[in-house]
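One letter stands for each residue in the lines below.
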Amino acid sequence: MHFKNPEILYFLFLLIVPILVHLFQLRRFKTSYFTNVRFLKELTVQTRKSSKIKKRLLLTTRLLLLTCAILAFAQPFFEAKDSKNAANEMYIVLDNSFSMQAKGKKGELLKRAVQELLENTPETTQFSLLSNTENLWNTDIKSSKSNLQNLKYSATPFELSAIMAKIKAHKSSNKKDIVIITDAVGLTEKDVKNINSEEKPYFIIPKAEQKNNVSIDSIFINQTLENFYEIGINLSAYGEDFKPISMALYNQKKLIAKTIINFDSKKKKINFTIPKEAFHGYVTIEDNGLTYDNKLFFSITKAKKTNVISIGEPDKSNFLSRIYTSAEFNYNNYSLSSLDYNSLEKQNTIILNELTEVPQALQTTLKAFVHKGGNLVVIPSEKSSVSNLNSFLGNFGKIQFKNLENKSKLITKINFDHPLFSGVFENKIANFQYPKTNSSFELSSPYPAVLSYEDQSVFVTMIQDPIAGITIFSGPINTSNSNFQQSPLIVPLFYKMGQNNQKTGVNALTIGNNQPYFVDVLLSKDAILEVKGNDDSFIPIQQILNNKVKLTFNDFPETAGNYSIFDKKEPVENLSFNYKRSESNLNPVNTNVISDFKTADTISTIFNTLQTERTDNQIWKWFVIFALLFLALEMVIIKFVK
């Protein structure tokens, strides 16, 4: 037992006072004489005995009364089981990612977690609240009530390791209690390995009752017809036993088409045919799972011709004019001697077709062209200077040309996952008529091959650049050296290379993907572009590049939807933003990663546990009660004991 005011115990010496009073009675008995002496003697003996018992009872009660009163003022208590952590600071980590939209027994997981915090957090408790998007330091439930009630689902996935790093960086002289409320979707050992078990972490894992979910993953132009686009929509189904769901296609909120989807497999592709014109809308489904991935916004800009120029001998470039037709491209070919360097900056794609040497002036111009987002294709000649090629390509990456090999090789491998072949093939082709080359350079490249020879060496590769496309062939493809021009691969390959970096039809950007976006617009020096939606607007980071502007969106916008780019009040281009689909699968919940930590069902359980383990057992109230009882007992003795 411990005392908050142990110095009060010195007053226990006062207990000697009633004892002294009892031992040294100051009252004197007066002698009275009566005639019946025998009777008086008996009465005197009886009176003295009862008086002695009463005085001893009173002495005992008064001693106990005084003792209890002194002990009550000293405030005795029994120390709590976990008293050393009573001064710990509390941190509540709340997962507000889209997977928390799943429905549990009492509704959506996030909304239920917020309600429990509001109902069960003591008003006097100080804590810090951290979510995917917000940080509230040293607050209480009254101050944070508005923030909790207005907490929205976040496009940012739940990254526990990043949040724990913030808590660790928040310096404090006290230890920390950490309560983590998450559905544990996607939680890995990597996320929890740096959590210090001495910081008393508690996990609350609300469970979803409905784990079936259907997600719209992507959309693309499957086929371009004369007057129509055939768009393809990819969907994923997570769970088991799906019922048919409806899908609808809207353009500017106007219903265009509707269909019913039956899931006979986990992946599904749905096709719609729409007029070949500008589109600014979305496709939506209705299911009983998550809602954030039920709608995918996309835009199709009005078809613009792509500017493509090839530099090389005309007789070796005739095949390009059959690929880059006037319906979609502005194609021109120039020999090196007749080339106008000033026209290069207006191009979207430049093809160096079997140049013996790339002049220094052209190298400088092309370097600036690529750094501003232009596409470059390099096809070497048998007579190309290796040192000249390596010097030129060294401006863009680590590709190196080596010796020319004069031997015939078959082109047998296609990288179907490469962006240059995305959406080209419905199925992977294992057997086709292999094209070949009679001579080619040995190519050293750290980048994935687009096409490969039978000996696994590179035929076509592409330098990974965030804003430009730089494609390199290892050998010439003229008809005397190769039959590649007769291969069915040549059309989709050059078509993809010729397209502007991002003008590939469907425009559906992902929020948080920092891929630069280029807008074909000529701005004055002080002009800026603004992105506007129905309920949101922002000014992205932008850089003027001659006749185009490079935009970087970072984590904006916060809300998925259809947006437009404005130059002052004039609309320039439509674009759409969507949330990442990383939270769509509710099934991979691995609770084994938190087996070493404490878990609880509700936040109230944690608060009650902490209060029980850390609150001292105050017993001074019992001494006050005993003091009052002894006082009452003294009154009874005085009144009723003779």
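Residues numbered from 1 in each chain as written. Predicted model: local features only at pLDDT ≥ 70, side-chain atom pairs only at ≥ 80, totals over all residues. Heavy atoms only, no water.

## Details of the environment of Lys305
No. 1: Mapped onto the secondary structure, Lys305 falls in the loop between strand 16 (295-300) and strand 17 (306-311).
No. 2: With 19 residues separating them along the chain, Lys305 and Tyr324 place their C-alpha atoms 10.0 Å apart.
No. 3: Discounting residues that sit within four places of it in the chain, Lys305 has contacts with Ser326, Ala327, Glu328, Phe329, Asn330 and Asn348. (Helix = DSSP H or I, 4+ residues; strand = E, 2+ residues; numbered from the N terminus. Contact = heavy atoms within 4.5 Å.)

## Notes on a positive patch on the surface
No. 1: Taken together, Lys105, Lys106, Lys207 and Lys211 make up a surface patch of like positive charges.
No. 2: Within the fold, Lys211 resides in the loop between strand 9 (201-204) and strand 10 (213-224). (Patch = residues over 30% accessible without salt bridge, like charges linked within 9 Å, V, L, I, M, F, W, Y side chains within 5 Å. Areas by Shrake-Rupley, 256 points an atom, 1.4 Å probe, with all protein chains shown as cover. Salt bridge = Lys/Arg side-chain N within 4 Å of Asp/Glu carboxyl O. Lys, Arg positive; Asp, Glu negative; His and termini not counted. Charge placed at Lys NZ, Arg CZ, Asp CG, Glu CD.)

## Things to note about the sheet that holds strand 36 (residues 570-578)
No. 1: Reading across the sheet, the 5 strands line up as 29-36-35-31-32 and stay open at both edges, with mixed pairing between neighbours. If you trace the sheet from one side to the other, it starts and ends with strand 29 (509-510) and strand 32 (537-538), each paired once. (Pairing = 2+ DSSP bridges.)

## Overview of the sheet that holds strand 33 (residues 541-545)
No. 1: On the basis of which strands lie adjacent, the open sheet formed by 3 strands has the order 30-34-33 and antiparallel pairing. With partners counted over all chains shown, the strands left at the sheet margins are strand 30 (517-519) and strand 33, one partner each. If you compare each strand with its neighbour and ignore which way they point, the axes differ by 25° on average.
No. 2: The pairing of strand 30 with strand 34 (residues 548-552) spans 3 bridges and is antiparallel. Its bridge partner lying in strand 34, Val519 is registered against Val549. (Axes fitted to C-alpha atoms, helices over the stretch in contact; angles between N-to-C directions.)

## Focus: helix 9 (residues 386-393)
No. 1: Listed as buried for helix 9 are Asn388, Leu389, Asn390, Phe392 and Leu393.
No. 2: Packed against the buried residues of helix 9 are strand 19 (349-355), helix 8 (360-371), strand 20 (375-380), strand 21 (400-405) and strand 27 (469-473). (Buried < 20%, exposed > 50% of the residue type's maximum accessible area, 1.4 Å probe, protein only.)

## Brief notes about the pairing of strand 11 (residues 228-238)
No. 1: The buried count for strand 11 comes to 9 of 11 residues, which makes it a mostly enclosed element.
No. 2: Taken together, the 10 bridges between strand 10 and strand 11 define a ladder with antiparallel strand orientation. What sits directly across from Val214, in strand 11, is Ala237.
No. 3: From the end of strand 10 to the start of strand 11, which pair antiparallel, there are 3 residues.

## Side note on a nonpolar patch on the surface
No. 1: On the surface, a nonpolar cluster with roughly 840 Å² of combined accessible area is contributed by Phe11, Leu14, Ile16, Val17, Ile19, Leu20, Val21, Leu23 and Phe24.
No. 2: Note that Ile16 resides in helix 1 (residues 16-23).

## What to know about the packing of aromatic side chains
No. 1: Under the counting rule described, the total for this entry stands at 28 aromatic pairs.
No. 2: Centroid distance Tyr292 to Tyr579: 6.5 Å. Interplanar angle 55°. Geometry classified as tilted. In this pair, Tyr292 is assigned in the loop between strand 15 (279-285) and strand 16 and Tyr579 in the loop between strand 36 and strand 37 (598-600), connecting sequence segments 287 residues apart. Across this residue pair, the class does not change: Tyr292 and Tyr579 are buried.
No. 3: Pairing Phe538 with Tyr563 gives two aromatic rings, centres 6.5 Å apart and planes at 65°, and the pair type is edge-to-face. (Phe/Tyr/Trp six-rings, centres within 6.5 Å; stacked < 30°, edge-to-face > 60°.)

## Thoughts on the side chain of Ser564
No. 1: On the secondary structure map, Ser564 appears in strand 35 (residues 561-567).
No. 2: Accessibility expressed as a relative area gives 13% for Ser564, which makes it buried.
No. 3: In terms of polar contacts, Ser564 uses its side chain to reach the side chain of Asn574, at 2.7 Å.
No. 4: Apart from residues no more than four positions distant in its own chain, Ser564 is found in contact with His280, Glu530, Val531, Lys532, Glu573, Asn574 and Leu575. (Polar contact = N/O pair within 3.5 Å; in protein donor to acceptor, adjacent residues only side chain to side chain.)

## Topic: the environment of Asn375
No. 1: Among the structural elements, Asn375 can be located in strand 20.
No. 2: Residue class for Asn375 comes out buried when judged on its relative accessible area of 4%.
No. 3: For the pair Asn375 and Asn348, spaced 27 residues apart in sequence, the C-alpha to C-alpha distance is 6.2 Å.
No. 4: Side-chain polar atoms of Asn375 contact the backbone nitrogen of Gly469, separated by 3.2 Å.

## Quick look at the environment of Lys211
No. 1: Take Lys211: its relative accessible area is 32%, and that puts it in the partly exposed class.
No. 2: Separated by 373 residues in the primary sequence, Lys211 and Ser584 place their C-alpha atoms 9.8 Å from one another.
No. 3: The contacts of Lys211, once residues within four sequence positions are left out, are Tyr238, Leu586, Asn587 and Val589.

## Some points on unusual backbone geometry
No. 1: The step from Phe556 to Pro557 runs through a cis peptide bond, and the omega angle for that step is -5°.
No. 2: By the element assignment, Pro557 lies in the loop between strand 34 and strand 35.
No. 3: One non-glycine residue, Asn138, adopts positive backbone phi at about 50°.
No. 4: Relative to the elements of secondary structure, Asn138 occurs in strand 7 (residues 135-139).
No. 5: In this structure, Asn554 is a non-glycine residue whose phi angle is positive, near 55°.
No. 6: Among the secondary structure elements, Asn554 is positioned in the loop between strand 34 and strand 35.

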